[in-house]
Amino acid sequence: MKESREDYLETILVLNRKSPDDVRPVDVANHLGITKPSVTRAMTELEKEGHIRRNEKGRLLLTESGREIAEKVYEKHCVITQLFSRCANVSEETAESDACKVEHVISEETFQGIKSYLNAMPKSVEN
C-alpha cells in the first residue's frame, strides 16, 4: 500500500479515537495539512479498496481491513517515536516527524527488534 494511503488510514484511526464516528474528510485534510480535494480523491480510492466506508452523515469509518492496516502503522509510529525520543534524545516533535517517515519503510524484522529492545530497556534509562 502506498505511504500516503497508510497515512490517511492512520489519521482516521487517530481522529476516530478522539471523536468516535465523527471524522469528516475536512478533519483528515486539516490533520495532514493537505487540501480537502486530495482527501476526497483518496477516500474514494480507499472506499473502492474496501478500507473505509461512510456512514449516513458522510463520516469516515474504517472497515476491518482498514483498521488492521491503520493499527499496524500506528503501532510502528508509536514505537519508533519512543525509540527516537528515549534513545536518541530528540524532541518529541522531531521524533514524531521522523517516525512518520520511517514507519512506512522499516522491515518487520527491524521493527520487532526495536520493540524487543525498548521492552527490555531499564526504566531508569528513559528521559
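Placed above this text is the structure.
Residues numbered from 1 in each chain as written. Predicted model: local features only at pLDDT ≥ 70, side-chain atom pairs only at ≥ 80, totals over all residues. Heavy atoms only, no water.

*Asks:* Explain the overall build of the protein here, please?
*Replies:* When you go through the protein residue by residue, the secondary structure sums to 6 helices and 2 strands. The buried share of the protein, reckoned over its 127 residues, is 39%. A sequence separation of at least 24 residues applies to 57% of the contacts in the protein between residues at least 6 apart. Per element, the accessible surface of the protein, about 7500 Å² overall, is 49% carbon and sulfur. (Helix = DSSP H or I, 4+ residues; strand = E, 2+ residues; numbered from the N terminus. Buried < 20%, exposed > 50% of the residue type's maximum accessible area, 1.4 Å probe, protein only. Contact = heavy atoms within 4.5 Å. Areas by Shrake-Rupley, 256 points an atom, 1.4 Å probe, with all protein chains shown as cover.)

*Asks:* Explain the layout of surface pockets here, please?
*Replies:* In this approach a probe as big as a water molecule rolls over the atoms, and the regions it shows empty are the leftover space. By volume, the largest pocket amounts to about 170 Å³. Forming the walls of the largest pocket are Asp-7, Glu-10, Thr-11, Val-14, His-31, Leu-32, Tyr-74, His-77, Glu-96 and Cys-100. Residue composition of the lining of the largest pocket, by class: 4 nonpolar, 3 polar and 3 charged. (1 Å grid on protein atoms, 1.4 Å probe; cavity = no way out; pocket = protein on both sides within 12 Å on 5 of 7 lines; lining within 4 Å. Points joined across faces, edges and corners; volume = space filled by probe spheres on them. Nonpolar A, V, L, I, M, F, W, Y, C, P; charged D, E, K, R; others polar.)

*Asks:* Where do I start with the side chain of Thr-81 in this structure?
*Replies:* Assignment of secondary structure puts Thr-81 in helix α4 (residues 64-87). With a relative accessible area of 5%, Thr-81 lands in the buried category. Beyond its immediate sequence surroundings of up to four residues, Thr-81 is in contact with Glu-92, Ala-95, Glu-96 and Ala-99.

*Asks:* In this structure, what is going on with the pattern of salt bridges? I would like to understand it.
*Replies:* Two side chains bearing opposite charge may form a pair once their charged atoms approach each other closely. Summed over all chains, the structure comprises 9 salt bridges. Glu-49 is the partner of Arg-5 in a salt bridge, and the nearest nitrogen-oxygen pair spans 2.7 Å. Placement of Arg-5 in helix α1 (residues 3-18) and of Glu-49 in the loop between α3 (36-48) and β1 (52-54) is noted, with a sequence separation of 44 residues between them. For Arg-5, a relative accessible area of 18% translates into the label buried. Between Arg-59 and Asp-22 there is a salt bridge; the shortest N-O distance is 2.7 Å. Pair noted here: Arg-59 is in the loop between β1 and β2 (60-62) and Asp-22 is in the loop between α1 and α2 (25-32), with a separation of 37 residues, a long-range link. With relative accessibility at 34%, the residue Asp-22 sits in the partly exposed group. (Salt bridge = Lys/Arg side-chain N within 4 Å of Asp/Glu carboxyl O.)

*Asks:* I tried to follow the environment of Glu-6 on my own but got confused; where do I start?
*Replies:* Within the secondary structure, Glu-6 is located in helix α1. Sequence-wise, Glu-6 and Ala-70 are 64 residues apart; in three dimensions their C-alpha atoms are separated by 6.6 Å.

*Asks:* Teacher, can you tell me more about the packing of aromatic side chains here?
*Replies:* Geometry of an aromatic ring pair is reported as the spacing of the ring centres plus the angle between the planes. For the structure shown, the criterion picks out 0 aromatic pairs. Cation over ring: Lys-76 sits above Phe-111, and NZ or CZ is 6.0 Å from the ring centre. (Phe/Tyr/Trp six-rings, centres within 6.5 Å; stacked < 30°, edge-to-face > 60°. Lys NZ or Arg CZ within 6 Å of the ring centre and 35° of its normal.)

*Asks:* So what exactly am I meant to see when it comes to unusual backbone geometry here?
*Replies:* The phi dihedral of Asp-21 falls on the positive side, at around 55°, and the residue is not glycine. Along the polypeptide, Asp-21 turns up in the loop between α1 and α2. One non-glycine residue with positive phi stands out, namely Asn-89, at about 55°. The residue Asn-89 is located in the loop between α4 and α5 (92-102) in this model. You can call Asn-89 exposed: its relative accessible area is 56%.

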